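A closer look at the structure
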Amino acid sequence: MAATHPESTDTGPHDTNRPDTEAGRESVFSLPLASLSPGDPLRWLARGWQDFRACPRIGLFYGACFALMGQALWQAFQHAPAYVLALSAGFLLMGPFLALGLYDTSRALEEGRSPSLRASLWAWRPTLSTMAIFAGVLLILEMLWGRASLVVFAVTMNTMPSSENMLAALLSLDNLEFLVTYVVVGAIFAGLIFVSSAISIPMILDRQTDAVSAALTSFRACLQNPGVMFLWGAWITGLCVLAMLPAFLGLLVVGPVLGHATWHAYRHIVPAPARSDVTR
């Protein structure tokens, strides 16, 4: 069944300084969600690309932030591996706040307003407490992921590879048991993070709902459309991996395009409330 795109009809003004009244009354389990088709992720990406082209300076600013974060992690891995986990945890806290700026930009374009970098940088202010809670949850999951990775390493590796050519040593077929176990454990935690945050952060920005309701709605969306959401996660993973290959420079474009596309994924999955509900 072809899916409809409710974001194309929601062009009215939106009050970003107070919660949506309808969202406040509506149960998280009764909120209607769209049924998706396999072609929807490509449509989200296409709309994300359109938003990037409409405001390239804003997109390139956030893309540069993502690329610099990737470079910092790589340099830490090469010169101070012990700090990689702490640095990645800090970036996991920064990521949602950076993504909010891209979501705010897409929302401005959707509503016919002129987006600005300054406005996008302050998009987090109305949702600061909720975003802090949600970022804390992501941080806990990341710390559990890191602890599980250390356990896998301790159980499956006999010796610590030297700092020189560490990546090549870890990816050697001699460490096949480690690689398989590490990938399986990583996939479990990455899946948990994805299903809880696939649409939750743009929902927090748009409806100013609480973190639990947003995460549960994201879970519902993934359970209702498991195949399409798995495909969407695969697209995100594949594009990010490709963007990292040329010294993370691909993130200059891929990062903001995925951010804009995530907004359109949210807009499609969670239909916008009727205008009368917003203004009432």
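Residues numbered from 1 in each chain as written. Predicted model: local features only at pLDDT ≥ 70, side-chain atom pairs only at ≥ 80, totals over all residues. Heavy atoms only, no water.

A few points about the overall build of the chain
Basically, it comes down to this: Numbering of helices and strands runs from the N terminus, with a helix taken as a DSSP run of H or I at least four residues long and a strand as a DSSP run of E at least two residues long. Note on areas: these come from Shrake-Rupley sampling with a 1.4 Å probe, and a residue is covered only by the protein chains present in the view.
On a plain count of helices and strands, the chain comes out with 13 helices and 0 strands. N-terminal to C-terminal, the α/β element order of the chain is α-α-α-α-α-α-α-α-α-α-α-α-α. Total accessible area on the chain stands at roughly 14400 Å², and carbon and sulfur atoms take up 69% of it.

Comments concerning the pattern of salt bridges
Note the threshold: Take a side-chain nitrogen of Lys or Arg and a carboxyl oxygen of Asp or Glu: if they are within 4 Å of each other, that pair is a salt bridge. Think of it in three bands: with a 1.4 Å probe and only protein chains considered, a residue is buried below 20% of the maximum accessible area for its type, exposed above 50%, and partly exposed in between.
Using the criterion set out here, one finds 6 salt bridges in the structure. The partner of R107 in a salt bridge is D104, and the shortest N-O contact between them spans 3.3 Å. Residue R107 and its partner D104 are located together in helix α4 (residues 84-110), separated by 3 residues, close to a single helical turn. For the pair R107 and D104, one class covers both residues: buried. For E111, the salt bridge identified is with R113, shortest N-O distance 3.0 Å.

Some details on a nonpolar patch on the surface
Which entries qualify depends on this criterion: Patches draw on residues past 30% relative accessible area with no salt bridge. Two like charges within 9 Å are joined, as are two nonpolar side chains (Val, Leu, Ile, Met, Phe, Trp, Tyr) within 5 Å.
Residues L176, V180, V184, I188, L192 and F219 make up a contiguous nonpolar surface patch of about 510 Å² in total accessible area. With 5 residues, the top contributor of residues to the nonpolar patch is helix α8 (residues 176-197). Residue position: L192 is located in helix α8.

A closer look at the UniProt feature "transmembrane region" (unreviewed entry) in the chain
Defined as follows: UniProt positions are given in the numbering used here, feature names are shortened, and annotations may be inferred rather than shown by experiment.
Under the local residue numbering, the UniProt record ascribes the feature "transmembrane region" (unreviewed entry) to residues 59-77, 83-103, 123-145, 179-205 and 226-254. Across residues 59-77 one finds 100% helix and 0% strand; the C-alpha atoms that close the span lie 27 Å apart.

Quick word on unusual backbone geometry
Notably, Q208 is not glycine yet its phi reads approximately 50°, a positive angle. Take Q208: it is sitting in the loop between α9 (200-207) and α10 (211-224). We note that F248 has phi near 65°; this positive angle belongs to a residue other than glycine. When you line up the elements, F248 lands in the loop between α11 (226-244) and α12 (251-269). You can call F248 buried: its relative accessible area is 14%.

Regarding the nonpolar core
Cut-off, in case you're wondering: Buried Ala, Val, Leu, Ile, Met, Phe, Trp, Tyr and Cys residues form a nonpolar core when they are joined through side-chain atoms within 4.5 Å. Every residue pair with non-hydrogen atoms within 4.5 Å of one another is taken to be in contact.
Membership of the largest hydrophobic core comes to 47 residues, with the highest contact counts inside it found for W44, M229, W232 and I269. If near-sequence neighbours (up to four positions away) are discounted, W232 is found in contact with P41, W44, L45, F194, L258, A261, T262 and A265. Judged by nonpolar contacts, the second largest core, of 6 residues, contains V152, L179, V185 and F189.

Describing the environment of F52
Inspection of the secondary structure puts F52 in helix α2 (residues 40-54). Taking relative accessible area as the criterion, F52 reaches 7% and is therefore assigned buried. Taking the C-alpha atoms as reference, F52 lies 8.8 Å from S106; in sequence the two are 54 residues apart.

What about the environment of P271?
Within the element layout of this structure, P271 appears in the loop between α12 and α13 (275-279). Note: C-alpha distance between P271 and A34 (237 residues apart in sequence) is 7.2 Å.

Overview of the environment of L42
Residue position: L42 is located in helix α2. A sequence separation of 189 residues divides L42 from L231, and the C-alpha atoms of the two residues are 9.9 Å apart.

Topic: the side chain of T130
Positionally, T130 belongs in helix α6 (residues 128-156). What makes T130 buried here is its relative accessible area of 15%.

As for the confidence of the model for the chain
Just so we agree on the cut-off: Confidence scores here are pLDDT values: one per residue, from the predictor, ranging 0 to 100.
Taken as a whole, the chain shows an average pLDDT of 80; of its residues, 75% reach a score of 70 or greater. Ranking the elements of the chain by mean pLDDT puts helix α1 (residues 21-25) last, at 43, and α2 first, at 96. In the model, residues 1-25 has pLDDT below 50 throughout and makes 50 contacts with residues more than four positions away in sequence or in other chains. Long-range and interchain partners of residues 275-280, a stretch whose pLDDT sits below 50, account for 12 contacts in this model, where long-range means more than four residues apart.

Here we look at the packing of α6 against α9
What counts, and what does not: Orientation is described by lines fitted to C-alpha atoms, with helices fitted over the stretch in contact, and by angles between N-to-C directions that extend from 0 to 180 degrees. Any angle that is under 35 degrees is reported as roughly parallel, and any over 145 degrees as roughly antiparallel; angles of 65 to 115 degrees are reported as roughly perpendicular and all others as oblique. Crossing handedness is defined as follows: a turn of the near helix away from the far one that is anticlockwise and smaller than a right angle gives a left-handed crossing, while the clockwise case is right-handed.
Orientation of α6 relative to α9, taken along the N-to-C sense of each, is 165°, at an axis distance of 10 Å. Put simply, α6 runs roughly antiparallel to α9. In terms of crossing hand, the pair formed by α6 and α9 is right-handed. When α6 is examined against α9, the residues T130, M131 and F134 are found in contact with a partner set consisting of S200, I201 and I204.

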